[in-house]
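# Overview (structure and organization)
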Amino acid sequence: MQRWRGLEEIPDDWGRSVVTIGSFDGVHRGHQLIINRVVERARERGVRSVVVTFDPHPSEVVRPGSHPPLLAPQPRRAELIEELGVDAVLVLPFTTEFSKESPEEFFRQVLVDALHACLVVEGPNFRFGHRAAGDVGLLAELGRAADCGVEVVDLQVSGSAGDGEPFSSTLTRRLVGTGDVAGAAEVLGRPHRVEGVVVRGAQRGRELGYPTANVETVPHSAIPADGVYAGWLTADGERMPAAISVGTNPTFDGTARTVEAYAIDRVGLDLYGLHVAVEFLVYLRGMEKFDSIDALLDRMADDVKRARELTETG
């Protein structure tokens, strides 16, 4: 899959393509419906498929300080999109100047002149251009004048997560924020994960016999609610069962919120400085302040036992 940042990286000889546009944060199952349709339509026409997305998130530029928690950083989103068979991902730097382009300017510059779109596939609530003035109706009108079709895909995918609420990035963030990582996994079609570099912490886990990877997460990451989780830690391409703690370590009167993962039954791991991924499978319990180290150790042993069992079957 080709990856471009900015219109100038698109090859001059790029032919016609089927395109979809959006933030696609998390690439959840609703997003997957659209992207799969793009790939399908492109193959039917013998052209290439392109996903257009933005960096940073548009809300951070339009309303500074309102950046939503991200379900996946940009490189991870590109990986997930690639897994769906897309030919190219175009990341458009979202600037104040770019945000002021009219829907007509955006359509001509990106879809017609740069990508030579023969078909655009979107959900019914798609908006584009300055102040989100363009909708699928305007998109279809502009497409007719440019020999570019528009297909609207019904995104009403739902399940048990969120009491049957339609799947969306907003729902996923809410589920993650409340610790319902099993519900988030239903929406995403895979466990929610956060990424970051392993840094040195207080090293209490090592002293207690449970050395943890203290993960400095990517900015704006959607981090689950404080508590203990079963999941996996991936480092250097190896995915290891893990017991994961999110919170401030109240037993030690901590104040900084951290994500720490203990790779179960692994001895002698040196992960400092590595970029790792932490996946959340099941919420085990809330964060607690224990009266003694012995009480904490007893609970940690139980957490690890449960996490080992759950990751063996999950």
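Residues numbered from 1 in each chain as written. Predicted model: local features only at pLDDT ≥ 70, side-chain atom pairs only at ≥ 80, totals over all residues. Heavy atoms only, no water.

An unreviewed UniProt entry lists the chain under the name Riboflavin biosynthesis protein, with Kitasatospora putterlickiae given as the organism. According to the UniProt record, the Sequence similarities (unreviewed entry) comment for the chain reads "Belongs to the ribF family." (UniProt positions renumbered as here; feature names shortened; annotations may be inferred.)

## As for the layout of surface pockets
By rolling a water-sized probe across the atoms, one finds the places where empty space is left. The volume enclosed by the largest pocket comes to roughly 1200 Å³. In this structure, the largest pocket is lined by 41 residues; those nearest its centre are G22, S23, N125, F126 and R127. A breakdown of the residues in the lining of the largest pocket according to their chemical character gives 16 nonpolar, 17 polar and eight charged. (1 Å grid on protein atoms, 1.4 Å probe; cavity = no way out; pocket = protein on both sides within 12 Å on 5 of 7 lines; lining within 4 Å. Points joined across faces, edges and corners; volume = space filled by probe spheres on them. Nonpolar A, V, L, I, M, F, W, Y, C, P; charged D, E, K, R; others polar.)

## What about the environment of G30?
Among the secondary structure elements, G30 is positioned in helix α1 (residues 29-45). By relative accessible area, which is 1% here, G30 ends up buried. Spatially, the C-alpha atoms of G30 and Q156 are 7.4 Å apart, while their sequence positions differ by 126 residues. With residues up to four places along the chain from it excluded, the contact list for G30 reads L155 and V157. (Helix = DSSP H or I, 4+ residues; strand = E, 2+ residues; numbered from the N terminus. Buried < 20%, exposed > 50% of the residue type's maximum accessible area, 1.4 Å probe, protein only. Contact = heavy atoms within 4.5 Å.)

## So, the sheet that holds strand β2 (residues 17-21)
Reading across the sheet, the six strands line up as β1-β4-β3-β2-β5-β6 and stay open at both edges, with parallel pairing between neighbours. Two strands close off the open sheet at either side, each with one partner strand: β1 (2-5) and β6 (149-152). Averaged over all pairs of adjacent strands, the angle between strand axes in this sheet comes to 20°, irrespective of strand direction. Across three bridges, β2 lies against strand β5 (residues 117-122) in parallel orientation. Within β5, the residue paired with V19 across the bridge is V120. (Pairing = 2+ DSSP bridges. Axes fitted to C-alpha atoms, helices over the stretch in contact; angles between N-to-C directions.)

## Quick look at the sheet that holds strand β11 (residues 258-263)
Spatially, β7-β8-β11-β10-β9-β12 is the arrangement adopted by the six strands of the closed barrel, whose pairing is antiparallel. Neighbour-to-neighbour, the strand axes of this sheet turn through a mean angle of 45°, independent of strand direction. With three bridges connecting them, strand β8 (residues 213-217) and β11 associate as antiparallel partners. Directly across from V215, in β11, lies its bridge partner V259. Against the sheet, helix α10 (residues 293-313) makes contact with β9 (227-235), β10 (238-247), β11 and β12 (275-285), and its axis sits at roughly 105° relative to β12, the strand it touches most.

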